[in-house]
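Chain by chain, the residues run as shown.
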Amino acid sequence: MGERLTKSDIEKIKEEITHRRIIVRQEALQAVKEARAHGDLSENFEYHAAKKDKNINESRIRYLERVLKTAIMIDDSSKEDEIGINNTIELYFEEEKEVEMYRLVTSIRGNSVDGLISIDSPLGKAIMGRKTGDRVYVKIRDGVGYYVVVKNIKKTTEDKADRLRRH
């Protein structure tokens, strides 16, 4: 089964592939040519490093192409009062008595350190479709979990969310 991606996720992946094919590939090829010109390839660190960078770029292109080929496009719209993809949510964690803010994203963009919670994570699955005031049990595994209360839901367009994250 492929990654569940929004239209915006797919567009960003296509942009990265194009950038890597046109810009990064040319830079990598130029670096290999320049390093090769330094002579003996068996002990030429710059040449081996340049080849490695070129191969990493090509691997990334192949990976992104596979992701697109197997992707399942999902809708990122949700009702005004429900948690959906790209919404920013304030959650109250009962055990810690703390409020934390997260944004629900597709799994390819999930990064809990940055507050981006995947729709496929236990927390993401538990809160998807919930409303402000809902008390939700987040199941980690059989018999283990915790409760959160949805304090606030903010609709965030993906473009606005990405601009905020870059600054």
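Residues numbered from 1 in each chain as written. Predicted model: local features only at pLDDT ≥ 70, side-chain atom pairs only at ≥ 80, totals over all residues. Heavy atoms only, no water.

1. Overview of the sheet that holds strand 5 (residues 116-118)
What the 5 strands build is an open sheet, ordered 5-4-3-7-6; its pairing is mixed. Lying at the two open borders of the sheet, with one neighbouring strand each, are strand 5 and strand 6 (135-141). In this sheet, adjacent strand axes meet at a mean angle of 45° when their direction is disregarded. Summarising the sheet, strand 4 (residues 98-105) and strand 5 pair through 3 bridges and their orientation is parallel. Following the sheet pairing, Val 105 is matched in strand 5 by Ser 118. (Pairing = 2+ DSSP bridges. Helix = DSSP H or I, 4+ residues; strand = E, 2+ residues; numbered from the N terminus. Axes fitted to C-alpha atoms, helices over the stretch in contact; angles between N-to-C directions.)

2. Quick look at the side chain of Glu 82
Tracing the backbone through its elements, the reader meets Glu 82 in the loop between strand 2 (72-73) and strand 3 (88-93). At 4.3 Å, Lys 79 is the nearest oppositely charged side chain to Glu 82, a buried residue that forms no salt bridge. In this view, Glu 82 contacts Asn 87, Gly 129, Arg 130, Lys 131, Ile 153 and Lys 155; residues no more than four positions away in its chain are not counted. (Buried < 20%, exposed > 50% of the residue type's maximum accessible area, 1.4 Å probe, protein only. Lys, Arg positive; Asp, Glu negative; His and termini not counted. Salt bridge = Lys/Arg side-chain N within 4 Å of Asp/Glu carboxyl O. Contact = heavy atoms within 4.5 Å.)

3. Quick word on the pairing of strand 6
Note that strand 6 and strand 7 (residues 144-154) share 6 bridges and pair antiparallel. Within the sheet, the bridge partner assigned to Tyr 137 lies in strand 7 and is Tyr 147. A loop of 2 residues connects strand 6 with strand 7, the two strands running antiparallel in sequence, and Gly 143 in this loop sits at a positive phi of about 80°.

4. So, the pairing of strand 3
Relative to strand 4, strand 3 is paired through 6 bridges, and the arrangement is antiparallel. Directly across from Leu 91, in strand 4, lies its bridge partner Glu 100. Taking the residues between adjacent antiparallel strands as the criterion, strand 3 and strand 4 are bridged by 4 residues, where Lys 97 takes a positive phi near 55°. With 6 bridges joining them, strand 3 and strand 7 adopt antiparallel strand pairing. Pairing of Ile 89 across the sheet is with Ile 153, part of strand 7.

5. Let's talk about the pattern of salt bridges
Should their charged atoms come close, side chains of opposite charge can pair. Counted by the stated rule, this structure contains 9 salt bridges. In this structure, Glu 58 engages Arg 25 in a salt bridge whose closest nitrogen and oxygen atoms are separated by 2.9 Å. A residue pair is termed long-range when its members are at least 10 positions apart, and Glu 58 in helix 2 (residues 45-70) and Arg 25 in helix 1 (residues 7-36) qualify at 33 residues. Arg 25 gets classed as partly exposed once you look at its relative accessible area, which sits at 26%. Ionic contacts of the salt-bridge type, sharing partners, join the residues Glu 16, Arg 20 and Arg 60 into one network.

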